Structures are given as structure tokens and as C-alpha cells.
Amino acid sequence: MSPPALEITALIDQFLNYLLVEKGLSQATLELYSSDLLRFTDFMDRNGCSRVSEEDTPLLLKHLIQLRTEGLGARSRARHLVALRGFYRYLVQEKLLALDPAKLLDMPKTTLKLPDVLGVDEVRRLLNSPDTRSPQGIRDAAMLEVLYAAGLRVSELTRLKIQDVHLDAGFVRVLGKGSKERVVPIGQYAREKILFYLEHARGRLVRKHASPYLFVARAGRPMTRQAFWKLLRQYATSAGLIKTVTPHSLRHSFASHLLEGGADLRAVQVMLGHADISTTQIYTHVTKDRLRELHRKFHPRG
């Protein structure tokens, strides 16, 4: 026998609190979950429902069809379904429902969007573009090198603290999404540029201001994401790159170049800070395309 139907609004609040406290999801992710679930409650209200139950599969399907009718794209509908699946899975986990009505629903078909990846020579030109005759140029050269060497997100790069950098051991300690910490190795190039920056530029930039941050802007404050994006666009232009280059371009290139070189997928997952390996698997498509290209070019029967 099914349990009595449950009030949805209070349960959504419980679920969001669970994601915050137990899963440590970021505020931005929580807002997306909240928005998607509130849209579902609005749909339920319009259909005279205020409670969830184990019999909600047709209702969920009708909701997804309605989203498509309203013009919501496949990728957005897939994200929406992720929120609904997580919510109902939580209800089963908490023994509020015995069966999961969202389990049978398939993800909408989405067109795979491959990440923008720079070639090795393009990365080299970009990393060499800052003018290292100025303190700012020395700093920027080190920032670009670390971004590519460790595959960091731009927010992780700009919030990196001196205490997080271990040059002798060759790694940085990163605080990623959901306040999850990870350790990522950096190569010799990044180590040398960080050391050069610390010896010849940081003191001139920070001046009399104390700052815990590795890369500083005015008055010892960390550089904003927007300021770094602007610098990156300028350096991409200086390097003669026609592609649109973003901080994520270097993160994508980091992952793809490692995989093309034979790195283990799970190792790359750990370095990127992905909770789910399926997120990392997007890069294998890039690698496969590259392998096919090499096969056609060099194999006698290609």
C-alpha cells in the first residue's frame, strides 16, 4: 500500500537544505534546483495537485511535454529532469516514498556540444603573449600558465592563496565547487613562472598591503573574474588566435591534451574536480575525433 501523498513545498525545502548541508552544493547550483522545482510546483498547481506520490510518473511526463511545448530546449529540459530525479530519489532515500516515479523517465536527447579546445601550438602562443617586462605581465604569464597546467576554473585561480601553492612538491591545493578541496600537480613551467612572479613582481603589485592571495590586483585584492576574462581576450588577440578563447578553453585543453597523451580518465576526473566521471567523458569525444583524424592522415588504409 502506498504512503499518503505528501505536501510538496515543505519537501522541496527539506531537499534543498539536504543539498546544501549534506552535499555541499554551491549557491548557484541550489538556485537552479530551486527554480526548476518551483516551476514543477507551478505546473502541479495548474493541474490541481499540491502533493507528491508514487503515482506521479504520468504527471512528470506531462510536465516535461509541457516544457517542450513552451519552447524549452533539450539541454534545459535535461537539467530540469535531473532536479526532479534528485528530488524524488531523496524522498525514497528518506523513506517518504517506497517507489520512485521519476526513475522510468528518460533524458531528452541533447546535441552533444564539444568543448572549445586549443591546439598545443595555440596554447603555447597564448602563454607566451604577456609582456614580462612589467610586473603585471609577469603576473599574467604566471596566471595563464597555472590555469593551463592545473586545469583550474577561473574562480579557483583568482582565489588561490600563497599557502595553497607547494612549489617544492609541485602541486596546488584548490578549493572547488561545493567547498570541496583537491590537490592538482603543476608542471615545471608553472613552477618556474610562479617563482619568478613571487621574486620579481608580486611585491611591487601588493606594495604595503598584506594579502593572502597569490595573484593580486590593486591594493592586494584578488583579481576579479571579469578582469581576468578581459585580459585573456587581449592576450588571445595578441597571440593571433581566431577562436573565441575563454578561461574554460584552457581547462578544456588541459583535459583533452592529457587524454590524448594517454592519461587515465579517472585521474583527469580527480584533477578537474568532477564529482561524476560522466562529466569528464565529454573530453573523450574530442580525443576520439583527434584519433580518427590521425588515423586518416597516417594509416596506409585510412
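Residues numbered from 1 in each chain as written. Predicted model: local features only at pLDDT ≥ 70, side-chain atom pairs only at ≥ 80, totals over all residues. Heavy atoms only, no water.

Draft legend 1. Just the overall build of the protein, in detail. Helix and strand counts for the protein stand at 14 helices and five strands. Excluding contacts between residues fewer than 6 apart, the proportion of contacts in the protein whose partners are at least 24 apart in sequence is 62%. Summing over all exposed atoms, the protein offers an accessible surface of approximately 17,300 Å²; the carbon and sulfur share of this is 53%. (Helix = DSSP H or I, 4+ residues; strand = E, 2+ residues; numbered from the N terminus. Contact = heavy atoms within 4.5 Å. Areas by Shrake-Rupley, 256 points an atom, 1.4 Å probe, with all protein chains shown as cover.)

Draft legend 2. Looking closely at the environment of Val174. Looking at where Val174 falls in the secondary structure, it is placed in strand S4 (residues 171-175). The spatial distance from the C-alpha of Val174 to the C-alpha of Ala150 is 9.6 Å, given a sequence separation of 24 residues. Other than its neighbours up to four places away in sequence, Val174 contacts Leu152, Glu156, Lys180, Glu181, Arg182 and Val184.

Draft legend 3. Broad picture of helix H3 (residues 57-69). Over its 13 residues, H3 extends 18 Å from the first C-alpha to the last, a length consistent with the 18 Å expected when each residue adds 1.5 Å. Among all positions of H3, only Leu59, Leu60, His63, Leu64 and Leu67 are buried. Along the axis of H3, the buried residues cluster in a sector spanning 135 degrees; they form a single face. Along H3, exposed side chains directed more than 90 degrees from the buried face belong to Pro58, Arg68 and Thr69. Next to the buried residues of H3 lie helix H2 (27-46) and helix H4 (74-93). Looking at the residues trailing H3, positive phi occurs at Gly71, about 95 degrees. (Expected span 1.5 Å × (residues − 1). Buried < 20%, exposed > 50% of the residue type's maximum accessible area, 1.4 Å probe, protein only. Arc of directions from axis to C-beta.)

Draft legend 4. Broad picture of the packing of aromatic side chains. Across all of its chains, the model carries six aromatic pairs by this definition. Centre to centre, the rings of Phe15 and Tyr90 are 5.5 Å apart; their planes meet at 45 degrees, and the pair counts as tilted. Taken together, the residues span a long stretch of sequence, with Phe15 in helix H1 (residues 8-21) and Tyr90 in helix H4 at a distance of 75 residues. Taken as a pair, Phe15 and Tyr90 share a single burial class, namely buried. Seen from their ring centres, Phe87 and Tyr88 are 5.4 Å apart, and the 70 degrees between their planes marks the pair as edge-to-face. Here the two residues Phe87 and Tyr88 agree in accessibility, since each one is buried. One aromatic cluster in this structure is built from Phe15, Tyr18, Tyr33, Phe87, Tyr88 and Tyr90. (Phe/Tyr/Trp six-rings, centres within 6.5 Å; stacked < 30°, edge-to-face > 60°.)

Draft legend 5. Examining the packing of helix H5 (residues 120-127) against helix H6 (residues 135-150) more closely. Running from amino to carboxyl end, H5 crosses H6 at an angle of 150 degrees, the nearest separation of the two axes being 9 Å. Comparing their axes, H6 and H5 come out roughly antiparallel. Touching Val123, Leu126 and Leu127 of H5 are Leu144, Glu145 and Tyr148, all from H6. A breakdown of the residues in the contact of H5 with H6 according to their chemical character gives five nonpolar, no polar and one charged. (Axes fitted to C-alpha atoms, helices over the stretch in contact; angles between N-to-C directions. Parallel < 35°, antiparallel > 145°, perpendicular 65-115°, else oblique. Nonpolar A, V, L, I, M, F, W, Y, C, P; charged D, E, K, R; others polar.)

Draft legend 6. Here's a closer look at the sheet that holds S4. Pairing in this open sheet of three strands is antiparallel, and the strands run S3-S4-S5 from one edge to the other. Single-partner strands in this sheet number two, and they are strand S3 (165-166) and strand S5 (181-185). Looking at chain direction, S4 and S5 are connected through five bridges and run antiparallel. From the neighbouring strand, Val172 faces S5, where its bridge partner is Val184. (Pairing = 2+ DSSP bridges.)

Draft legend 7. Quick look at the confidence of the model for the protein. Averaged over all residues, the pLDDT of the protein equals 82, while 84% of them reach at least 70. Counted against residues more than four places away or in other chains, residues 1-5, with its pLDDT under 50, gives eight contacts. (pLDDT = per-residue confidence, 0-100.)

Draft legend 8. Examining the layout of surface pockets more closely. As a volume, the second largest pocket reaches approximately 240 Å³. Every residue lining the second largest pocket is counted, 15 residues in all, and those nearest its centre are Gln136, Arg139, Leu205, Ala217 and Arg218. At the level of elements, H6, helix H9 (202-206) and helix H10 (225-238) are the ones that each hand at least two residues to the lining of the second largest pocket. Within the lining of the second largest pocket, the residues separate by chemical class into nine nonpolar, two polar and four charged. (1 Å grid on protein atoms, 1.4 Å probe; cavity = no way out; pocket = protein on both sides within 12 Å on 5 of 7 lines; lining within 4 Å. Points joined across faces, edges and corners; volume = space filled by probe spheres on them.)

Draft legend 9. Layout of the pattern of salt bridges. A full pass over the atoms with the stated rule returns 11 salt bridges. The shortest N-O distance in the salt bridge between Glu70 and Arg39 comes to 2.8 Å. Note that Glu70 is positioned in the loop between H3 and H4 and Arg39 in helix H2, a separation of 31 residues in sequence. Between Arg139 and Asp140 there is a salt bridge, with its nearest N and O atoms 2.9 Å apart. Its relative accessible area of 7% is what places Arg139 among the buried residues. Taking the relative accessible area as the measure of exposure, Asp140 reaches 4% and is therefore buried. A single network of salt bridges, built from pairs that share partners, joins Asp121, Arg124 and Arg125. (Salt bridge = Lys/Arg side-chain N within 4 Å of Asp/Glu carboxyl O.)

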